[in-house]
Amino acid sequence: MPHLEALLLIFQNPATVWSVEDLAGRIYVGNVQAAAVLDDLTRRQLVTRVEQSPPKYQFIARSP
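Residues numbered from 1 in each chain as written. Predicted model: local features only at pLDDT ≥ 70, side-chain atom pairs only at ≥ 80, totals over all residues. Heavy atoms only, no water.

Draft legend 1. Structural view of the overall build of the protein chain. Along the backbone of the protein chain there are three helices and three strands. Along the protein chain, from the amino end to the carboxyl end, the secondary structure elements read α-β-α-α-β-β. Scaling as 2.2 N^0.38, a compact globule of 64 residues should have a C-alpha radius of gyration of about 11 Å, and the protein chain matches this with 10 Å. Seen through its principal axes, the protein chain has C-alpha atoms that stretch 35 × 25 × 20 Å. When the 64 residues of the protein chain are sorted by exposure, 30% land in the buried category. (Helix = DSSP H or I, 4+ residues; strand = E, 2+ residues; numbered from the N terminus. Rg over C-alpha atoms; globule rule 2.2 N^0.38 Å. Buried < 20%, exposed > 50% of the residue type's maximum accessible area, 1.4 Å probe, protein only.)

Right, dumping it as structure tokens:
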């Protein structure tokens, strides 16, 4: 369920750049679980890592 919550939140706020901590606080999970969710969504090309250290993520549409 956290994957869906994260994806919907990120999709609804495409201009927002999300840190692991920001997302964890919004979907009520720990930082470790939020990082795993973001890694999974990145691997599936549903979100993009826009900064490496610390990692930050954002929704970027692959097509208009």
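What follows continues from the structure just given.
Draft legend 2. Region of the structure containing the pattern of salt bridges. For the structure on display, the rule yields two salt bridges. As a salt-bridge pair, R49 and D39 come within 3.3 Å of each other at their nearest N and O atoms. Of this pair, R49 sits in strand β2 (residues 48-51) while D39 sits in helix α3 (residues 31-43), and the two are ten residues apart along the sequence. Judged by relative accessible area, which is 32%, D39 ranks as partly exposed. The closest approach of N and O atoms between R43 and D40, which form a salt bridge, is 2.3 Å. A residue pair is termed a helical-turn pair when its members lie 3 or 4 positions apart in one helix, as R43 and D40 do in helix α3 at three residues. (Salt bridge = Lys/Arg side-chain N within 4 Å of Asp/Glu carboxyl O.)

Draft legend 3. Just helix α2 (residues 20-27), in detail. Among the residues of α2, those classed as buried are V20, L23, A24 and I27. Considered in projection along α2, the buried side chains sweep an arc of 100° and stay on one side of the axis. For α2, the secondary structure elements touched by its buried residues are α1 (2-12), β1 (18-19), α3 and β3 (56-58). (Arc of directions from axis to C-beta. Contact = heavy atoms within 4.5 Å.)

Draft legend 4. Representation of the sheet that holds β2 in the model. Ordered in space as β1-β3-β2, the three strands form an open sheet in which the pairing is antiparallel. The open sheet has two edge strands with one neighbour each: β1 and β2. As judged from the two bridges shared by β1 and β3, these two strands associate in the antiparallel manner. Note that in β3 the partner of W18 across the bridge is Y57. (Pairing = 2+ DSSP bridges.)

Draft legend 5. Geometry of the side chain of S19. Examined against the element boundaries, S19 turns out to sit in strand β1. In this structure S19 comes out as buried when scored by relative accessible area, which is 8%. From its side chain, S19 meets the backbone nitrogen of D22 in a polar contact 3.0 Å long. If we skip the residues at most four places from it in the chain, S19 touches P55 and K56. (Polar contact = N/O pair within 3.5 Å; in protein donor to acceptor, adjacent residues only side chain to side chain.)

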